[in-house]
Amino acid sequence: MRFANHDGLPVVIDGDEVIELVDRDSPVDFVGAIAAWPTYRDALATRPRRAFDPKLLGPPVPRPGKVVGAPVNYLDHKAEMNVDFTVAGLGFFLKSPSSIVGCDGEVPIPFPGRRTDQEAELGVVIGRRAVDVTKQEALDHVFGYTCLLDITVRGSEERSTRKSFPGFTPIGSWITTADEIPDPNALRVRGWVNGNLRQDAPTSDMIYDVAALIEFMSSVIALEPGDVIATGTPAGVGPIMPGDIVRVEIEGVSSIEIPVVDATREPHEVWQTKED
Ligand code: MN
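Here is what the cut-offs are and how they apply
- Residues numbered from 1 in each chain as written.
- Predicted model: local features only at pLDDT ≥ 70, side-chain atom pairs only at ≥ 80, totals over all residues.
- Heavy atoms only, no water.
- Helix = DSSP H or I, 4+ residues; strand = E, 2+ residues; numbered from the N terminus.
- Rg over C-alpha atoms; globule rule 2.2 N^0.38 Å.
- Buried < 20%, exposed > 50% of the residue type's maximum accessible area, 1.4 Å probe, protein only.
- Contact = heavy atoms within 4.5 Å.
- Areas by Shrake-Rupley, 256 points an atom, 1.4 Å probe, with all protein chains shown as cover.
- Lys, Arg positive; Asp, Glu negative; His and termini not counted.
- Charge placed at Lys NZ, Arg CZ, Asp CG, Glu CD.
- Donors = N, O, S within 2.8 Å, 3.2 Å for Na, K, Ca; no water.
- Phe/Tyr/Trp six-rings, centres within 6.5 Å; stacked < 30°, edge-to-face > 60°.
- Lys NZ or Arg CZ within 6 Å of the ring centre and 35° of its normal.
- Salt bridge = Lys/Arg side-chain N within 4 Å of Asp/Glu carboxyl O.
- Core = buried A, V, L, I, M, F, W, Y, C linked by side-chain atoms within 4.5 Å.

Draft legend 1. Seen up close, the overall build of the protein chain. From N to C terminus, the protein chain includes 7 helices and 20 strands. A globule of 276 residues ought to have a C-alpha radius of gyration of about 19 Å, and the protein chain, at 18 Å, matches this closely. Along the three orthogonal principal directions, the C-alpha set of the protein chain runs to about 60 × 40 × 35 Å. In the protein chain, which comprises 276 residues, the share counted as buried stands at 53%. Sequence separation of at least 24 residues holds for 76% of the intrachain contacts in the protein chain that already meet a minimum separation of 6. Here the protein chain displays about 11,700 Å² of accessible surface, and carbon together with sulfur accounts for 50% of that area. The distance from the centre of the 26 positive side-chain charges to the centre of the 42 negative ones in the protein chain is 1 Å.

Draft legend 2. Here's a closer look at unusual backbone geometry. G172 connects to S173 through a cis peptide bond whose omega is 5°. Inspection of the secondary structure puts S173 in strand 14 (residues 169–177). For D7, which is not glycine, the phi dihedral falls at a positive 55°. The residue D7 is located in the loop between strand 1 (2–6) and strand 2 (9–14) in this model. Backbone geometry at V72 places phi at a positive 50°, although glycine is not the residue there. Here V72 is to be found in the loop between strand 6 (67–69) and helix 3 (75–81). On the accessibility criterion, V72 (9% relative accessible area) is buried.

Draft legend 3. Structural detail: the coordination of the manganese ion. The protein atoms that coordinate the manganese ion are E119 (OE), E121 (OE) and D150 (OD), at distances of 2.0 to 2.1 Å. Ordering the donors of the manganese ion by residue number gives the pattern E-x1-E-x28-D. Of this pair, E121 sits in strand 11 (residues 120–126) while D150 is found in the loop between strand 12 (142–149) and strand 13 (152–153), placing the two residues 29 residues apart along the sequence. Across the pair, exposure class does not vary: E121 and D150 are buried alike.

Draft legend 4. Main features of the packing of aromatic side chains. Scanning the entire structure with this criterion turns up 9 aromatic pairs. When the ring centre of W192 is taken as origin, the NZ or CZ atom of R247, which lies over that ring, is 5.8 Å away.

Draft legend 5. Expanded view of the pattern of salt bridges. In the structure shown here, the tally under the stated rule is 25 salt bridges. The residue R49 makes a salt bridge to D14 at a minimum N-O spacing of 3.0 Å. Placement of R49 in strand 4 (residues 49–51) and of D14 in strand 2 is noted, with a sequence separation of 35 residues between them. In this structure, the salt-bridge partner of R154 is E119, at a minimum N-O distance of 2.7 Å.

Draft legend 6. Layout of the nonpolar core. Counting 47 residues, the largest nonpolar core has L122, Y145, I214, L223 and I240 as its most contacted members. Counting residues per element, this core draws most heavily on helix 7 (residues 210–217), which supplies 5 residues. Beyond its immediate stretch of four places on either side in the chain, L223 contacts K66, V68, I126, R128, R129, A130, I214, M217, S218 and I229. With 27 residues, the next largest nonpolar core counts F30, W37, V67 and I100 among its residues.

On their own, these measurements won't tell you what the molecule is for.
Shown next as structure tokens:
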């Protein structure tokens, strides 16, 4: 099923209609809908329908508890970045949950003098709390999969600093539930900028596959419903500029297209001023 944010409500997309999971006058809680997904799924037949309008889509999890990222999880990306370590030596990083936007959002460029890149990635959304789970158990904790952009200012500051501006984690346009994706390591991730294909790789190229990432991450932190994992990017990252259109597509999962806009600001002193 396709779980989405339609006109601010959690819905399931069903052809040219959406099925609204909660009433318009009740509190809206996307993380809660994901945490109690079996209950919502089983009630779908009783829920109201309305016309699906793609222009009303927003981020399918607007405010996850956390966004956990895998650095350098593809060997071809390690080569293009000319770095010594992979996820196996680096561990993981956290992005601010406030960096999440949907296909209705924008990617800001805060410092035009600093290189800012697109990173097309498979996004994993956790459905059941995961603490110290094994690889064999890991996929049972996944709610679904989505397209994700891990927007990144290049440089030597901490990853969390360079990756956490509002708008730096577009996800969507919807989440395809895990029951429809038997093997998340057999997907094709593609990323375009202005229609030019920059990234095209199978998720089987990941150094730590989805289950291994969940095993590793859950050995440190409690992964909770709604949490989003950025699984790492293959080769082909490159600069994006205001006016660009970035697109990610993962066959069988979803696609997202989002504009890049100027958001120039004065760098705080922590930011290096040199170009890179
Ligand atoms: Mn990344």
